[in-house]
Amino acid sequence: MKFSRFNTTIAYTDKFVLYNALQNQFLYINPLIKELIDASHDHDDLVGLEKLHPSLFEALREKGFIVETNYDELQEVIAIRERVDLENETFFHLTINPTMNCNFSCWYCYESHEKKSKMESETIEKIKALIESKINATSKIERFHIAWFGGEPFLYFDRIIMPIIKFAHEYCSKFGVKFDNGFTTNGFLINTGNITALKPYDITNFQITLDGGREEHNSVRFVNDKRGSYDEIVANIKLLCKHKRNTTLRINYTKKNLPSVTNIAQDFDEIPIKDRDYLSITFHKVWQEENTESLKDTVSSLIKYFRSKGLNALVGGLPDNLRHSCYADRNNHATINYNGELFKCTARDFKSQNREGFIDKNGSLVWNETYHKRLDAKFKNKPCLTCSILPICNGGCSQVALENIDKDYCVYNFDENSKKRVVLEKFLKLTNTYL
Ligand code: SF4
Ligand code: SF4
């Protein structure tokens with residue numbers, strides 16, 4: 001037997017947290033046990049440890065802190081990655097941008113708004129052909145998901161979204177395939193009419209963003225210089241909750257808008273308790289902001305405050321990126337832009353020169369070299385291959401890997417202490433002591 005290469009030990013209170021990143025397992029041990037483990041590690045003597053403390057040895061073995069000598073854990077990580085990213089034939093995830101146009105122009109948006117961009121019927125037909133080619137009597141697909149993105153997808157609700165949803169729903173039903181949709185929208189154009197039109201269909205989630213309290217938000221997202229959008233968006237979120245649609249409110253924060261965020265909780269006061277289950281609230285730092293480590297405590301207090309008001313405020317994700325990689329890392333996903341060009345990542349712009357292929361008239365996805373490079377980009381750099389938290393970090397996502405080919409980099413510029421901090425945060429979140 002040998003110690004796993006993915007173990008981390010961190011001092012916390014008067015004890016130690018032991019974590020294995022491959023099995024995602026924790027042990028919370030006292031200093032004496034840590035000494036025993038350290039001694040066994042330093043003297044490469046697991047046999048001695050087993051004799052001295054058989055139940056500890058068994059717990060370490062069971063949770064993956066010690067593994068068989070010939071077990072190649074790196075190969076296991078690579079095998080999991082292949083299963084998750086390259087071999088899932090039961091699910092297809094299609095992101096559709098009906099337009100690149102938007103009714104707002106937020107300062108931080110990375111997308112270039114093209115006023116005249118709109119998916120033409122020719123491309124809609126190609127998407128229908130794609131659905132037909134993916135779902136048939138011989139395909140293994142059990143679930144087909146459309147993520148509506150943009151631009152603002154609701155600009156073309158009747159002309160683009162509904163015809164595709166109706167077609168996909170009918171087609172999937174015919175073959176017993178589960179079909180659902182998710183919307184990333186600014187929320188301004190949501191109304192009783194489109195909520196009712198979507199009623200027969202399975203919608204996993206609406207994701208809507210606010211940029212701070214009323215005044216801060218309106219200074220960023222406005223219709224014109226006299227008309228903001230905060231009140232309409234808040235009203236539409238309430239409407240979605242009333243209609244029992246799961247909605248995630250993403251609050252984009254900056255140092256400047258953070259003080260105003262408290263007011264948002266008050267604006268949701270009138271949502272009846274029974275409808276609050278449909279609303280989740282997450283906090284995200286605007287990506288152009290400088291390091292905002294110092295804001296962590298403020299954000300923690302805000303989360304507490306929102307929770308005290310009966311709102312479901314969520315702490316940022318617990319990283320488990322190997323088994324839950326980004327859709328763009330996977331070969332069962334495509335992003336189709338309004339003009340039929342193919343992309344993967346939705347966190348970059350959709351400029352033609354960055355496209356990764358196109359959809360042809362038969363609905364086939366014709367990918368180019370960039371796509372194939374992306375799918376082969378992970379686990380190529382030395383720091384990741386020797387990193388103790390590789391299974392939870394996954395070496396960053398495929399987009400970052402693609403942008404850093406041939407560079408030996410740590411995406412996050414982490415040293416060993418930073419990695420320990422990530423593990424400790426994970427432990428504290430799991431044990432609910434983070435806040
Ligand atoms: S930046 Fe990375 S994680 Fe984000 S959407 Fe793109 S590929 Fe996915
Ligand atoms: S990107 Fe950094 S933290 Fe992530 S696996 Fe690579 S070296 Fe480790």
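Residues numbered from 1 in each chain as written. Chains lettered and ligands numbered in written order. Predicted model: local features only at pLDDT ≥ 70, side-chain atom pairs only at ≥ 80, totals over all residues. Heavy atoms only, no water.

(A) Representation of the overall build of the chain within the structure. Assigned secondary structure in the chain consists of 17 helices and 18 strands. Relative to the globule expectation of 22 Å for 435 residues, the C-alpha radius of gyration of the chain, 24 Å, shows essentially globular dimensions. Its C-alpha atoms put the chain at 70 × 50 × 40 Å along the principal axes. Here the contacts in the chain between residues at least 6 apart in sequence split such that 70% fall between residues at least 24 apart. (Helix = DSSP H or I, 4+ residues; strand = E, 2+ residues; numbered from the N terminus. Rg over C-alpha atoms; globule rule 2.2 N^0.38 Å. Contact = heavy atoms within 4.5 Å.)

(B) View of the nonpolar core. Membership of the largest hydrophobic core comes to 77 residues, with the highest contact counts inside it found for Phe144, Ile164, Phe283 and Phe306. When residues in this core are grouped by element, the largest group, nine residues, is from helix α6 (residues 157–174). For Phe283, the contacting residues outside a window of four places in its chain are Ile251, Tyr253, Val261, Val299, Leu302, Ile303, Phe306, Ala313 and Leu314. Core analysis: the second largest hydrophobic core is formed by 23 residues, Val17, Tyr19, Ile80 and Phe379 among them. (Core = buried A, V, L, I, M, F, W, Y, C linked by side-chain atoms within 4.5 Å. Buried < 20%, exposed > 50% of the residue type's maximum accessible area, 1.4 Å probe, protein only.)

(C) A look at the packing of helix α5 (residues 121–134) against α6. The contact between α5 and α6 brings their axes to 10 Å, and the two run at 20 degrees. Judged by the angle between their axes, α5 and α6 are roughly parallel. Judged by the twist between their axes, the crossing of α5 over α6 is right-handed. Contact residues: α5 offers Ile124, Ile127, Lys128, Ile131 and Glu132, while α6 offers Arg159, Ile160, Pro163, Ile164, Phe167, Ala168 and Tyr171. Tallied by class, the residues present in the contact of α5 with α6 amount to nine nonpolar, no polar and three charged. (Axes fitted to C-alpha atoms, helices over the stretch in contact; angles between N-to-C directions. Parallel < 35°, antiparallel > 145°, perpendicular 65-115°, else oblique. Left-handed = near helix turned anticlockwise from the far one by under 90°. Nonpolar A, V, L, I, M, F, W, Y, C, P; charged D, E, K, R; others polar.)

(D) Structural context of the site of ligand 1. In the region of ligand 1, the neighbouring residues are Cys326, Ala328, Cys345, Thr346, Ala347, Cys397 and Gln399. The residue inventory of the shell around ligand 1, partitioned by class, reads five nonpolar, two polar and no charged. (Near = heavy atom within 4 Å.)

(E) The arrangement of the layout of surface pockets in detail. Roughly 240 Å³ of internal volume is contained in the second largest pocket. Along its surface, the second largest pocket is lined by 17 residues, and Asn88, Phe92, Lys134, Asn331 and Asn332 are the ones closest to its centre. At the level of secondary structure, the elements contributing two or more residues to the lining of the second largest pocket comprise β6 (91–96), α5, β15 (333–336) and β18 (365–367). Residue classes in the lining of the second largest pocket are distributed as eight nonpolar, six polar and three charged. (1 Å grid on protein atoms, 1.4 Å probe; cavity = no way out; pocket = protein on both sides within 12 Å on 5 of 7 lines; lining within 4 Å. Points joined across faces, edges and corners; volume = space filled by probe spheres on them.)

(F) Quick look at helix α3 (residues 54–62). Residues of α3 that are buried: Leu56, Phe57 and Leu60. Looking straight down α3, one finds its buried side chains confined to an arc of 100 degrees; they lie on one side. When the buried face of α3 is taken as reference, the exposed residues oriented beyond 90 degrees from it are Ser55 and Glu62. Residues of α3 that are buried in the fold lie against β3 (15–20), β4 (25–29), α1 (31–42), α2 (46–52) and β5 (66–67). (Arc of directions from axis to C-beta.)

(G) A look at the site of ligand 2. Around ligand 2, the neighbouring residues are Pro383, Cys384, Cys387, Ile389, Leu390, Cys393, Gly395, Cys410, Val411 and Phe414. Elements supplying a minimum of two residues to the shell around ligand 2: α14 (382–385) and α15 (390–393). Each residue belonging to the shell around ligand 2 can be placed in one class, and the counts come to nine nonpolar, one polar and no charged.

(H) How the structure looks around unusual backbone geometry. Of note, the amide linkage connecting Gly150 to Gly151 takes the cis form, showing an omega dihedral of 15 degrees. Tracing the sequence through the fold places Gly151 in the loop between β7 (143–148) and α6. A positive phi is found at Asp44, a non-glycine position, where the angle reads about 50 degrees. Mapped onto the fold, Asp44 is located in the loop between α1 and α2. Look at Asp44 and you get exposed, because its relative accessible area is 68%.

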